[in-house]
Amino acid sequence: MDLQGLRRESECCWVIEPTGTMRVPAILYADEPLLRGMDDKVRQQLCNVATLPGIVGAAYAMPDAHWGYGFPIGGVAAFDAERGGVVSAGGVGFDISCGVRSLLTGCRREEIVAVQQELAHELARAIPAGVGSTGQLRLSSSEMDEMLTRGARWAVARGYGDVADLDRVEEHGSIAHAKPGSVSPRARERQRHEMGTLGSGNHYLEVQWVAAVHDARIAAGYGLRQGEVVVSIHCGSRGLGHQIGTDYLRDMALQAPSFGILLPDRELACAPIHSELGQSYLGAMRAAMNCALANRQILTHLCRESFRRMLARAELRVLYDVSHNICKVEEHVVQGQLRSLHVHRKGATRAFGPGHAAVPESLREFGQPVLIGGSMGTASYVLAGAAGGEMVAFSSACHGAGRSMSRHEATRRWHGRQLVHELAGRGVLIRSPSMRGVAEEAPGAYKPVEEVVDAAERAGLARKVARLEPMICVKG
Amino acid sequence: MSDWQHFAHGADIGVRGRGATLAEAFAAAAVGLTAIVADPLRVSPVESVRVECAMADLGLLFYEWLNSLIFLMATRRMLFSRFDVRIAGDTLEADAWGEPVDIARHAPAVEVKGATLTELAVRQEPDGRWLAQCVVDV
């Protein structure tokens, strides 16, 4: 990215003052090397977001930001419904409520090493992953409505997991004000065979060990102990969410002129929050969030079954479950006033600090866990929402490493089988039905996640708690 | 041979089709869409599915076309390699020919989530040929 015109406010905070039709500044959180490595399109997209009606504060980019569609991935923007604010399907993304759930196994690394091959085989067998894979569950229309309304609570009632899991899931596993009636027949049809599936691309189920503890107090509070093993599940609302994104992006593009919204680019298609279309999208998007929470709950159950076949004492308690492609209504203090805002986080993780009422009571004194996925074969991180974070990007942090190379370039440079072999030599077992998919997700195609989380910490977005190293990765 | 190509987009991928007619450009881009998932040359055109969509705006018609195919790929768990496309005014009618996904033979790399409005363009080039393109979320 060309840094001309950016004002460096602090080591990891860069400001673009509003010009032209921008209503607010654009603010990027990154150190200089990360910023220089970002595509100029990030800057352009962020400045476009800053022109949207009702935007509050600034349009923000996280340290892992990259070129998205409409909004940059790694983008955060909040809108005030009472001041003409909008909701944008592109500001949430197609993979609605994609997120990470981490589970504490209570097992030591050595225990997993002893059964690593068998466990990898068992997880690959039990977790439906990849193109064309289907889940075991087929929902009737009324069951689908119930799932879209109650999320992970529905899944627990169906026997997937325990009630105790729900306390550690965002919104206790169920997003309010979902409107299954706003979900199209096509979106429902797309989900018919996909409940309890992982998906493909950068989605994964990974067995990881705690390789380093950066904040001993918070790590202990989270139940993360050096040398112990956790499982992280990264996936979203599957075909249902993808189709809702598709449906509403089109409808918003079609109706934007009727709302009198001047868009610098059609990809920013949006609707006023106080419009029929805006409300319909919010209802459908919340239904998709429930679908994602239910999906991760089912995958948790399948993962537990696999573990128990290998390691009877494995617990797999939920550490936390948080999404990074969402729009949520939250209260934030803006210039001394408490305001209710629609916060879009696209490829950005909510990061509430210590004491926030939305953080489960058992974790509240430490701040909300922020679960950061690395690339396949490299580290992941657990961060904690920082005190004072509410003053920075509406309590948001990064979500992952962020790609630094196209899929095409990755397949030119790496071969799937060779990568699997090399990673196995380093103690990381990859299980995937697609070797081309593995090549496209090569660790070298991503930015170093360490640089991203270091920048997030230095910018005051979140605190580093623990580094997780992979042992088994099941991918689509 | 279909005249399609992929173009780079940070995390996702762009598809572009060219042809002597608008319908040819749409058909070529659809082959490019399949190529995100698997090698189209390995997909046998053994059965066809009818696709119909209508949009007054050519760009959005292309968006609807690709997204209709993505819906069929997901719900029928099929891949397509040949497209007979007819466009009249704001209406598209097509037969997409392909076969069910065979994991071993097709080695599918990634699911396609949806076609986006990013880098969306449908236009006639100075040489008279048609171009249709957009970024696809994977």
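So, how was this worked out
Residues numbered from 1 in each chain as written. Chains lettered and ligands numbered in written order. Predicted model: local features only at pLDDT ≥ 70, side-chain atom pairs only at ≥ 80, totals over all residues. Heavy atoms only, no water. Buried < 20%, exposed > 50% of the residue type's maximum accessible area, 1.4 Å probe, protein only. Helix = DSSP H or I, 4+ residues; strand = E, 2+ residues; numbered from the N terminus. Pairing = 2+ DSSP bridges. Core = buried A, V, L, I, M, F, W, Y, C linked by side-chain atoms within 4.5 Å. Contact = heavy atoms within 4.5 Å. Buried area = accessible area lost by both parts, 1.4 Å probe. Salt bridge = Lys/Arg side-chain N within 4 Å of Asp/Glu carboxyl O. Polar contact = N/O pair within 3.5 Å; in protein donor to acceptor, adjacent residues only side chain to side chain. Axes fitted to C-alpha atoms, helices over the stretch in contact; angles between N-to-C directions. Parallel < 35°, antiparallel > 145°, perpendicular 65-115°, else oblique. Left-handed = near helix turned anticlockwise from the far one by under 90°. Phe/Tyr/Trp six-rings, centres within 6.5 Å; stacked < 30°, edge-to-face > 60°.

Caption draft 1: Looking closely at the pairing of strand β5 (residues 71–79) of chain A. Residue and element names in this part refer to chain A. Burial within β5 is extensive, with 9 of its 9 residues counted as buried. With 6 bridges connecting them, strand β4 (residues 55–69) and β5 associate as antiparallel partners. Directly across from H66, in β5, lies its bridge partner I73. Remark: 1 residue form the turn of the hairpin made by β4 and β5, two consecutive strands paired antiparallel; G70 in that turn has positive phi of roughly 85°. Here β5 runs beside strand β13 (residues 337–346); their pairing, made up of 5 bridges, is antiparallel. Across the sheet, the residue bridging to F79 is H342, located in β13.

Caption draft 2: Looking closely at the nonpolar core. Grouped together as the largest cluster of nonpolar side chains are 197 residues, with contacts concentrated most on L28(A), F307(A) and W65(B). Here the element with the most residues in this core is helix α11 (residues 276–310) of chain A; it accounts for 16 residues. If we skip the residues at most four places from it in the chain, L28(A) touches M1(A), L6(A), C12(A), C13(A), W14(A), I16(A), L35(A), M38(A), V42(A), L46(A) and A61(A).

Caption draft 3: Just the interface of chain A and chain B, in detail. Counting from both sides, the interface comprises 43 residues of chain A and, opposite them, 41 residues of chain B. Between chain A and chain B, the buried area comes to about 3500 Å², and carbon and sulfur atoms account for 59% of it. If you sort the residues of chain A by the area they bury against chain B, W67(A), V131(A) and R266(A) come out on top, with a joint share of 19%. The interface formed by chain A and chain B holds 5 salt bridges in total. A salt bridge links E111(B) to R238(A), with the nearest nitrogen and oxygen atoms 2.7 Å apart. If you look at where chain A meets chain B, you find 12 residue pairs in polar contact (both at pLDDT 80 or more). For the side of chain A that touches chain B, the elements supplying multiple residues, two or more each, are β4, α8 (185–191), α10 (238–259) and α14 (435–440) of chain A.

Caption draft 4: Structural detail: the sheet that holds β13(A). All names here are of chain A. What the 7 strands build is an open sheet, ordered β1-β2-β3-β4-β5-β13-β12; its pairing is mixed. Single-partner strands in this sheet number two, and they are β1 (7–10) and β12 (325–334). The average angle at which neighbouring strand axes cross in this sheet is 25°, direction not considered. Of the strand pairs in this sheet, strand β2 (residues 13–16) and strand β3 (residues 26–29) are connected by 4 bridges, and their pairing is antiparallel. Each bridged residue has a counterpart across the sheet, and for V15 the counterpart in β3 is I27. Strand contacts of helix α2 (residues 40–49): β2, β3, β4 and β5, with the helix running at about 155° to β4, the strand carrying the most contacts.

Caption draft 5: How the structure looks around the packing of α10(A) against α11(A). Residues and elements named next belong to chain A. Where α10 contacts α11, the axes come no closer than 10 Å and their chain directions differ by 165°. Taken together, the axes of α10 and α11 lie roughly antiparallel to each other. As α10 runs across α11, the sense of the crossing is left-handed. Seen from α10, the contacting residues are R238, L240, G241, I244, Y248, D251, M252, Q255 and F259; seen from α11, they are L277, S280, Y281, A284, M285, A288, C291 and N295.

Caption draft 6: How the structure looks around the packing of aromatic side chains. Per the counting criterion, the structure on display carries 8 aromatic pairs over all chains. When the centroid spacing of 5.8 Å and the interplanar angle of 85° are considered together, the rings of Y60(A) and F394(A) count as edge-to-face. Placement of Y60(A) in strand β4 and of F394(A) in the loop between β16 (380–385) and β17 (396–397) is noted, with a sequence separation of 334 residues between them. For the pair Y60(A) and F394(A), one class covers both residues: buried. Seen from their ring centres, F80(B) and F83(B) are 6.5 Å apart, and the 55° between their planes marks the pair as tilted. Across the pair, F83(B) and F80(B) agree in class, each one buried.

Caption draft 7: Structural detail: the sheet that holds strand β3 (residues 47–54) of chain B. Residues and elements named next belong to chain B. Spatial ordering of the open sheet is given by β3-β5-β4, a layout of 3 strands whose pairing is antiparallel. Two strands close off the open sheet at either side, each with one partner strand: β3 and β4 (78–88). Taken pair by pair, the neighbouring strands of this sheet meet at an average axis angle of 20°, ignoring direction. Where helix α1 (residues 22–37) meets the sheet, it contacts β4 and β5 (91–100), and its direction lies at approximately 165° from that of β4.

Caption draft 8: Main features of the side chain of T34(B). Residue and element names in this part refer to chain B. Considering the arrangement of structural elements, one finds T34 in helix α1. Given a relative accessible area of 1%, T34 falls into the buried group. Looking at T34, its side chain comes within polar contact range of the main-chain oxygen of F80, at 2.6 Å. Ignoring sequence-local partners within four residues, the contact set of T34 consists of P40, V43, F80 and F83.

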